[in-house]
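Coordinates in review
The primary structure of each chain is shown beneath.
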Amino acid sequence: MILLIKSFITGLIAGLFFALLKLPIPAPTAFAGIIGIVGIYVGYIIIKIIIK
């Protein structure tokens, strides 16, 4: 849980930094892109389980 909080805070700070510098964020801006990232992670986990 602490890792999730640290990750969120780091992402929040990065988002603020990019917004202040008026740069595009280095992350998908559409919900479909976010779901794609989740899919990549789930696929990775599935393969790790199968290969073990």
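Above this text is the structure in question.
Reference entry: report on the structure contained in this document. Here the structure is a predicted model, which is why all the values come from computation and not from measurement.

**Examining the overall build of the protein chain**
When you go through the protein chain residue by residue, the secondary structure sums to 2 helices and 0 strands. For 52 residues, the compact-globule estimate of 2.2 N^0.38 gives 10 Å, and the C-alpha radius of gyration of the protein chain, at 15 Å, exceeds that figure by more than 25%. In terms of its C-alpha atoms, the protein chain occupies a principal-axis envelope of roughly 45 × 25 × 15 Å. Taking all 52 residues of the protein chain together, the buried fraction comes to 0%.

**Some words on the packing of aromatic side chains**
Within the structure shown, the criterion is met by 1 aromatic pair. Their ring planes at 90° and their centres at 6.0 Å tell us that F17 and F18 sit as a pair that is edge-to-face. Judged by relative accessible area, which is 48%, F17 ranks as partly exposed.

**Here we look at unusual backbone geometry**
Positive phi, close to 55°, is recorded for K22, a residue that is not glycine. By the secondary structure assignment, K22 is in the loop between α1 (2-20) and α2 (31-51).

**Focus on α1**
An ideal rise of 1.5 Å per residue puts 27 Å on 19 residues; α1 measures up with 27 Å between its terminal C-alpha atoms. The buried fraction of α1 amounts to 0 of the 19 residues, a small share that puts the element mostly on the outside. One or two residues past the end of α1 sits K22, with phi positive at roughly 55°.

About the criteria used
- Residues numbered from 1 in each chain as written.
- Predicted model: local features only at pLDDT ≥ 70, side-chain atom pairs only at ≥ 80, totals over all residues.
- Heavy atoms only, no water.
- Helix = DSSP H or I, 4+ residues; strand = E, 2+ residues; numbered from the N terminus.
- Rg over C-alpha atoms; globule rule 2.2 N^0.38 Å.
- Buried < 20%, exposed > 50% of the residue type's maximum accessible area, 1.4 Å probe, protein only.
- Phe/Tyr/Trp six-rings, centres within 6.5 Å; stacked < 30°, edge-to-face > 60°.
- Expected span 1.5 Å × (residues − 1).

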